[in-house]
Amino acid sequence: MRCSGSICSNTKVMHRPGTASPEVQRKGASMGSAGKNDTSSRSMKAPLLELNGVVSSTNSPLSASSNFSISNVSSFRGMSFGRFSGCYECGMVVDPVLGTSRDHSLWGSICSCPDCGEIFMKADSLELHQAVRHAVSELSPEDTSKNIVEIIFQSSWLKKQAPICKIDRILKVHNTQRTISKFEEHRDSIKAKAAKLPKKQPRCIADGNELLRFHCTTFECSIGLNGSSNLCNAVPNCKICSIIKNGFKESTGGDDDGHGILTTETSGKAHDKATALEDGSSNKRAMLVCRVIAGRVKKSMEGNIEDYDSVAAGMEVYSNLDELYVFNPRAILPCFVVIYRGF
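Just so you know, the residues in each chain are numbered from 1, in the order the chain's sequence is written. Given that this is a predicted model, residues contribute local features only at a pLDDT of at least 70 and side-chain atom pairs are listed and counted only at 80 or more, while totals for whole chains, interfaces and linings are drawn from all residues. Only hydrogens and water are set aside when side-chain values are computed; all heavy atoms of the structure are taken into account.

As named in an unreviewed UniProt entry, the chain is C2H2-LIKE zinc finger protein, taken from Salix koriyanagi.

Following this line, the structure appears as structure tokens:
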């Protein structure tokens, strides 16, 4: 009898050369040739082999009637199972790190990366993989998003004493579903809170007072260069990779009292503030273009701020809301990264 929770139902498996012993290979070849003439429904018992090949997505049972041979399975394409080993019929899983498991439900949690096809036993592991290995992608010149980001970056530079810097590349941030959900949950909480207030604020009720803001920081790596999509291993020293991977922290560019995370309405102001806060670790700059839930905005640093979601400062410099310190890190969602130089 077959275990319904195992991967025994997969019909095509390819093993790397040298994975199986010569005896096993002879058995597989003989069973493959017999399968062409024998219509028996006996299940084929495969030995415990490393599943380092390709597994078909077909869910029909693996039986002796299946055309299976070591020589021709390389034509099948599917998911790479990496380091894991397992039995086709009993569902036993062997992980070199975690050891042996006969938990059939384990196979139900297997998930593959849609970008590279790598297999993971837990959804959390897949999410971490996507957050690091497929975090960004460079926008092509034909992409309308690139043109829009470039326009708002250059038009808001507003630095008469310095020319507009040169943009090297613009990257799109691929936030995980968990990160997006946290952002949306925070926005919903701001909207719900605003609806209960005696003094109604239409923008807060409608969308949580969502704004498009800039945040400038430094970086150490070559993020997004030559089509690279992964983050570097220099976290937290590489600030841009740290923000994309782990999100903003309350201490990220806060005010003098350590309140909030700084976002600006103009790219020029964001650049100036990053220069003032620069610790000398790197002279490479990256501008994050972010969605920000401003919520109820306090117009000055003075007084009680507990009833507000953000506080404005520096209103006399560039605009009436150029510096905005957001209290909750979940209120900021990075969407694009502008890598620039020549400042």
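On we go.
(A) The nonpolar core, seen in detail. As used in this record, nonpolar core signifies buried Ala, Val, Leu, Ile, Met, Phe, Trp, Tyr and Cys residues forming a set joined through side-chain atoms within 4.5 Å. Note on exposure labels: buried denotes an accessible area under 20% of the residue type's maximum, exposed denotes more than 50%, and partly exposed covers the range between, all computed with a 1.4 Å probe on protein chains only. One finds Ile223, Ile240, Cys241, Ile244 and Val337 to be the most contacted residues of the largest nonpolar core, which totals 34 residues. Only DSSP runs of H or I reaching four residues or more are called helices, and only runs of E reaching two or more are called strands; each is numbered from the N terminus. Counting only elements with at least two residues in this core, the list comes to β10 (166-173), α5 (177-196), α7 (239-246), β13 (285-293), β16 (323-326) and β17 (332-341). Counting residues per element, this core draws most heavily on β13, which supplies five residues. Note on contacts: a residue pair qualifies if any of its non-hydrogen atoms lie within 4.5 Å across the two residues. When sequence neighbours within four positions are dropped, the list of residues in contact with Cys241 reads Cys221, Ile223, Leu231, Cys232 and Val235.

(B) Main features of the pattern of salt bridges. Just to be clear on terms, a salt bridge is a Lys or Arg side-chain nitrogen sitting within 4 Å of an Asp or Glu carboxyl oxygen. Taken as a whole and judged by the stated rule, the model has ten salt bridges. We note a salt bridge from Asp309 to Lys193, for which the minimum N-O separation is 3.0 Å. With Asp309 in the loop between β14 (297-298) and β15 (310-313) and Lys193 in helix α5, the pair connects residues that are 116 residues apart, well separated along the chain. Overall, the relative accessible area of 11% leaves Asp309 in the buried class. For Glu323, the salt bridge is made with Lys269, and the minimal N-O distance between the two is 3.1 Å. Of this pair, Glu323 sits in strand β16 while Lys269 sits in helix α8 (residues 267-277); the two residues are 54 residues apart in sequence, bridging distant segments of the chain. You'll find Glu323 and Lys269 in the same group, each marked buried. Within this structure, Asp124, Glu127 and Arg178 form a network of salt bridges that share partners.

(C) Unusual backbone geometry, seen in detail. Backbone geometry places Asn209, a non-glycine residue, at a positive phi of 60°. Along the chain, Asn209 turns up in the loop between α6 (202-207) and β11 (210-218). Phi angles above zero are rare outside glycine, and Asn226 is one such case at about 55°. If you trace the backbone, Asn226 turns up in the loop between β11 and α7.

(D) Structural detail: the pairing of β15. Where burial is concerned, the two faces of β15 agree: the one with Ser310 and Ala312 and the one with Val311 and Ala313 are both buried. DSSP-based pairing: two strands are paired if at least 2 bridges between them are found. Two elements, β14 and β15, share two bridges in a ladder whose sense is parallel. Paired with Lys298 across the strands is Val311, a residue of β15. The pairing of β15 with β16 spans four bridges and is classified as antiparallel. In the strand pairing of β16, Ala313 is matched with Glu323.

(E) Representation of the UniProt feature "domain: C2H2-type" (unreviewed entry) in the chain within the structure. UniProt positions are given in the numbering used here, feature names are shortened, and annotations may be inferred rather than shown by experiment. The UniProt record marks residues 111-139 with the feature "domain: C2H2-type" (unreviewed entry), using the residue numbering of this structure. With 38% helix and 24% strand, residues 111-139 has end C-alpha atoms that lie 28 Å from one another.

(F) How the structure looks around the layout of surface pockets. As a volume, the largest pocket reaches approximately 500 Å³. Cavities and pockets are found on a 1 Å grid laid over the protein atoms alone: a cavity is a set of points where a 1.4 Å probe fits but cannot escape, a pocket is an open set with protein on both sides within 12 Å along at least five of seven lines, and a lining residue has an atom within 4 Å of such a point. Every residue lining the largest pocket is counted, 23 residues in all, and those nearest its centre are Thr179, Lys182, Lys245, Asn246 and Gly247. Broken down by secondary-structure element, the contributors of at least two residues to the lining of the largest pocket are α3 (123-133), α5, α7 and β17. For the lining of the largest pocket, the per-class residue count stands at twelve nonpolar, six polar and five charged. Grid points are joined across faces, edges and corners, and a volume is the space filled by probe spheres set on the points. Residue type decides the class: Asp, Glu, Lys and Arg count as charged, Ala, Val, Leu, Ile, Met, Phe, Trp, Tyr, Cys and Pro as nonpolar, and the leftover types, Gly among them, as polar.

(G) Local environment of the pairing of β17. When you tally the buried positions in β17, you get nine out of ten residues, the bulk of the element. As paired elements, β10 and β17 share six bridges and run antiparallel to each other. Bridged to Lys166 within β17 is Arg341. Relative to β17, β13 runs antiparallel, the two sharing eight bridges.

(H) Quick look at the side chain of Asn175. Structurally, the position occupied by Asn175 is in the loop between β10 and α5. N or O atoms within 3.5 Å of each other form a polar contact, as long as, within protein, one can give a hydrogen and the other can take it, and as long as residues adjacent in sequence are counted only when both atoms are side-chain atoms. For Asn175, the side chain forms a polar contact with the main-chain oxygen of Pro334, separated by 2.9 Å. Among residues more than four places away in sequence, those in contact with Asn175 are Ile180, Leu333 and Pro334.

(I) Layout of the packing of aromatic side chains. Any pair of Phe, Tyr and Trp rings, taking the six-membered ring for Trp, is counted once the centres come within 6.5 Å. Such a pair is stacked with planes under 30 degrees apart, edge-to-face with planes over 60 apart, and tilted for the rest. Applying the stated rule across the entire model yields three aromatic pairs. Taking 5.8 Å as the distance between ring centres and 40° as the angle between the ring planes, the aromatic pair formed by Phe153 and Trp157 counts as tilted. One exposure class covers both Phe153 and Trp157, and it is buried. With a centroid separation of 5.4 Å and an interplanar angle of 55°, the aromatic rings of Phe153 and Tyr340 are classed as tilted. Of this pair, Phe153 sits in helix α4 (residues 144-155) while Tyr340 sits in strand β17, and the two are 187 residues apart along the sequence. Ring pairing ties together the aromatic residues Phe153, Trp157 and Tyr340, which thus form one cluster. Here, over-ring charges are defined by two tests on the NZ atom of lysine or the CZ atom of arginine: distance to the ring centre within 6 Å, and angle to the ring normal within 35 degrees. Across from the ring centre of Tyr308, 5.1 Å away, lies the NZ or CZ of Arg296, which sits over that ring.

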